[in-house]
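Structure at a glance
So the chains spell out like this:
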Amino acid sequence: MLRALGFDSNWIALVMLCVTTVNYSILVNGVAAGHVRPTRGIRQGDPLSPYLFILCAEGLSILLQQAEAWGDIHGVRVARGAPAISHLFFADDSLLFFRANQREAVNIKQCLDLYSLASGQLINFDKSNAVYSHNTPGPTRDLVTGIVGVQEAPDLGRYLGLPSALGRNKTAVFKYIEENIRARIGLWQHMFLSRAGKKGWRLLTQPDSLVSRILKAKYFATVDFMEAQVGGNPSFIWRSIMAGRAVLEQGLARRIGDGTETRIWGWNWLADASNKPLITLCVEELRHATVIGLLDEHGRWDGDILRDIFHSDDIPRILATPVSTHLKDCWRWPGDLRGKYTVQNGYRLLARERVQPTVDVAFHAWKTLWAAQTPPK
């Protein structure tokens, strides 16, 4: 497997040395009682184990990708133009997608058998299930489950405590969550929105990822994410991401590179700490103009153009904004040292808006409070 993935022979030898020279010491009443050398390599819990597992799982991924490329199996598409998905791997679960017919079931079984033979890992088919679409006939379901060797299930159950599939009735699906945390809601709404904002940030900064490509094909094929709409029949995930986008809209800004992808009026791109938009009102003829139009042939701010268009208070803010013409424009989060959005940043932004101290509500009796004769707890 390592050689097939292109790893150097010396590196492979070092890895195999770690695998073949493992031994364990058994403690009895705190005293070492001898050593045991396993005959099948390292065990779960070894620091090297998860990395080797990922490398082995990559072999199964390649087998499934090849089968899809040859037309032996067909993945699922969420929308026209979206990439096909034949498999999704998680920490301790794997999802395989294929058409419910004899040919593709046989090809899937062959991929799994070949992977087991090459890696030495055995698949527990007793704990594996097959879930079908509602329009799949009963005889077809029986045929496919028999070929693969699994049992049919109505759904995929729960993953990390949450339902893996959502229908139209969200109230019934999440009723148990409402009952468990009703008394703890408080500021958790802000935490939810800040986490959803994280998903939106990834859509902005990682447009080539699988999730970004799927959601773009499904919900905003012709526009950018920040211009997308909820749509007429959105999924629960998309509604959540759109709710979190409100956090990004309040704090997001552009970092100017060559200026070709940032509109002058629209998103904040000035580099000052206030992160406020331009004072100058937008002219209809320049509504879609980009920042590159404000630069001269040397990639510097053109002072004549700035004085002709902008309010006098905007000009020094523009001149103070750095430009890197050898880079592309990108998104940034003001206030973060790396310019990246985090859940913590979003939560702080929402918390500041929720509680804005004023003269009427500010508390000034801290000394009196701490001097009060009360129990320490």
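Above this text you will find the structure in question.
1. What about the overall build of the protein?
For the protein, the helix and strand inventory stands at 13 helices and ten strands. Per-residue burial for the protein yields a buried fraction of 29% across its 377 residues. Sequence-distant contacts, at least 24 apart, represent 55% of the contacts inside the protein between residues at least 6 apart.

2. A word on the pairing of strand β1 (residues 24-28)
As a general feature of sheets, a regular strand has side chains that alternate between the two faces. In this structure, β1 lies alongside strand β2 (residues 31-36), joined through four bridges in antiparallel fashion. Counterpart to Tyr24 in the pairing with β2 is Val36. What sits between β1 and β2 in their antiparallel hairpin is a turn of two residues, with Asn29 showing a positive phi close to 55°.

3. Section: helix α3 (residues 102-119)
Under the 1.5 Å per step criterion, the end-to-end length of α3 is 26 Å for 18 residues, consistent within 8% with the ideal 26 Å. Those residues of α3 that fall on the buried side of the exposure criterion are Glu104, Ala105, Asn107, Ile108, Cys111, Leu112, Tyr115 and Ser116. Next to the buried residues of α3 lie α2 (49-69), β4 (94-96) and α4 (138-148). Here α3 starts with a cap whose side-chain oxygen sits 3.3 Å from the backbone nitrogen of Arg103, and that cap is Asn101.

4. Details of the nonpolar core
Counting 19 residues, the largest nonpolar core has Leu204, Phe225, Met226, Trp238, Leu248 and Leu252 as its most contacted members. Broken down by secondary-structure element, the contributors of at least two residues to this core are α7 (188-205), α9 (236-251) and α12 (343-354). Element by element, the count of residues in this core is highest for α9, at five residues. Apart from residues no more than four positions distant in its own chain, Leu248 is found in contact with Gly197, Gly200, Trp201, Leu204, Phe225, Met226, Trp333 and Tyr341. Of all hydrophobic cores here, the second largest spans 14 residues; its members include Ile264, Leu270, Val291 and Leu306.

5. Details of unusual backbone geometry
One non-glycine residue, Asn29, lies in the positive phi region at around 55°. Counting through the fold element by element, Asn29 comes out in the loop between β1 and β2. Assessed through its relative accessible area of 78%, Asn29 is described here as exposed.

6. Quick look at the pattern of salt bridges
Any two side chains of opposite charge can pair, given that their charged atoms come close. Counted according to the given criterion, the structure contains ten salt bridges. Salt-bridge contacts for Glu227 lead to Arg263; the nearest nitrogen and oxygen are separated by 2.7 Å. Taken together, the residues Glu227 in the loop between α8 (210-219) and α9 and Arg263 in the loop between β9 (253-255) and α10 (303-309) connect sequence positions 36 residues apart. Overall, the relative accessible area of 34% leaves Glu227 in the partly exposed class. The shortest N-O distance in the salt bridge between Asp258 and Lys328 comes to 3.5 Å. Taken as a pair, Asp258 in the loop between β9 and α10 and Lys328 in the loop between α11 (314-319) and β10 (330-332) lie far apart in primary sequence, 70 residues in all. Relative accessible area serves as the criterion here: at 52%, Lys328 is assigned to the exposed category. One network of salt bridges, with partners in common, ties together Asp272, Asp314 and Arg317.

Rules used in this analysis
- Along each chain, the written sequence defines residue order, and numbers are assigned to residues from 1.
- Given that the model is predicted, a residue must reach a pLDDT of at least 70 before its local features are reported, and side-chain atom pairs must reach 80 or more before they are shown or counted; all residues, however, enter totals for whole chains, interfaces and linings.
- Side-chain metrics in this entry use all non-hydrogen atoms of the structure; hydrogen atoms and water are not considered.
- Working definition: helices are DSSP H or I runs of at least four residues, strands are E runs of at least two. Numbering for both runs from the N terminus.
- We call a residue buried when its accessible area falls under 20% of the maximum for its residue type, exposed when it is over 50%, and partly exposed in between, using a 1.4 Å probe and counting protein chains only.
- In this analysis, two residues are considered to be in contact whenever any of their non-hydrogen atoms come within 4.5 Å of each other.
- Note on pairing: DSSP must find at least two bridges between two strands before they are called paired.
- A helix is expected to span 1.5 Å multiplied by its residue count minus one.
- N or O atoms within 3.5 Å of each other form a polar contact, as long as, within protein, one can give a hydrogen and the other can take it, and as long as residues adjacent in sequence are counted only when both atoms are side-chain atoms.
- Working definition of a nonpolar core: buried Ala, Val, Leu, Ile, Met, Phe, Trp, Tyr and Cys residues. They are joined through side-chain atoms within 4.5 Å.
- Here, a salt bridge means any Lys or Arg side-chain nitrogen found within 4 Å of an Asp or Glu carboxyl oxygen.

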